[in-house]
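# Tertiary structure, described
Take a look at the letters that make up each chain.
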Amino acid sequence: MNVKINDSWKNLLQEEFEKQYFKDLASFVREEYSKFRVYPPGSSIFNAFELCPFDKVKVVILGQDPYHGPNQAHGLAFSVTDGVKIPPSLQNIFKEINQEFGTPIPKSGNLERWAKQGVFLLNSILTVRAGQPGSHKGKGWEIFTDKVIEILSENKNNLVFLLWGNFAQNKASLIDSNRHLILKSPHPSPYSANRGFFGNKHFIKTNNYLIENNLEPIVW
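Residues numbered from 1 in each chain as written. Predicted model: local features only at pLDDT ≥ 70, side-chain atom pairs only at ≥ 80, totals over all residues. Heavy atoms only, no water.

### Section: the overall build of the chain
Stated formally: Starting at the N terminus, helices and strands are each numbered in turn, a helix being any DSSP run of H or I of at least four residues and a strand any DSSP run of E of at least two. Taken over C-alpha atoms, the radius of gyration is set against a globule rule of 2.2 Å times the number of residues to the power 0.38. The buried label goes to any residue with under 20% of its type's maximum accessible area, the exposed label to any with over 50%, and the partly exposed label to all in between, with areas taken from a 1.4 Å probe on protein chains only. Areas reported as accessible are Shrake-Rupley estimates using a 1.4 Å probe. Residue values count occlusion only from the protein chains shown. When charges are tallied, Lys and Arg are placed among the positive residues and Asp and Glu among the negative ones, while His and the ends of the chain are skipped. Where a charge lies is defined by one atom per residue type: Lys uses NZ, Arg uses CZ, Asp uses CG and Glu uses CD.
Across its full length, the chain holds eight helices and six strands. Taking 220 residues into account, the globule formula puts the C-alpha radius of gyration at 17 Å, and the chain, at 17 Å, falls close to it. Viewed in the frame of its principal axes, the chain has a C-alpha envelope of about 45 × 35 × 25 Å. Per-residue burial over the chain gives 53% buried out of 220 residues. A total accessible area of about 10,500 Å² is found for the chain, and carbon and sulfur atoms account for 48% of it. Computing the positive centroid from 25 side-chain charges and the negative centroid from 21, the chain places the two 6 Å apart.

Okay, structure coming up:
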């Protein structure tokens, strides 16, 4: 199956694309896009892979599924397109960065600048029907993205995995903690940010680890 994805990832994931579950997933996604409004736009489904090629990945932030409102999702976990109101979880992420570094809170929620620095913003589910969060759950995306996490863990060294909330933390079993730094905290959602996301110092800890391993820190 010919999936349009960055070549550095395509070489590693080609076997997955040939598996029956992925063929079934591709058929399901095509049908959904033909019948309903689905986010992100089809050309942006693999945006995280395009903007952050495999050899550039330094940090992995795991999300659940894309935003389900108009013009929000563009293929990067937690990120929204320019000009769109910044969602509450991302507002809290920016607040934590402001507390850690004293940098101004950005006017835009577009995180492409992170992706281009090596922050791989991966949702577990890569598509969603408009207004229906979780509507593409259990269709095969989770199998695919779990494999992506395993490939990163097995083929890279000294990555930082930021696992916020129970959903992301359940992925820790896919990651070799002897080779990588795993940082866990509650989710930045307004429902849980005050229970330990604020003050987690994840962004400083990430940069300190990168520097210790002779890697360029992220400009958050």
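### Section: the pairing of strand S3 (residues 119-123)
The buried fraction of S3 is high, at five of five residues. Of the two faces of S3, the one lined by Val119, Leu121 and Asn123 and the one lined by Phe120 and Leu122 are each fully buried.

### Thoughts on helix H4 (residues 88-101)
In plain terms, the rule: Multiplying 1.5 Å by the helix residue count minus one yields the expected span of that helix. Contacts were defined at the residue level, with two residues in contact if any of their heavy atoms lie within 4.5 Å.
Over its 14 residues, H4 extends 20 Å from the first C-alpha to the last, a length consistent with the 20 Å expected when each residue adds 1.5 Å. Looking at the buried positions of H4, the neighbouring elements they touch are helix H5 (112-115), strand S5 (160-164) and helix H8 (202-212). Immediately beyond the C-terminal end of H4, within one or two residues, lies Gly102, with a positive phi of roughly 75°.

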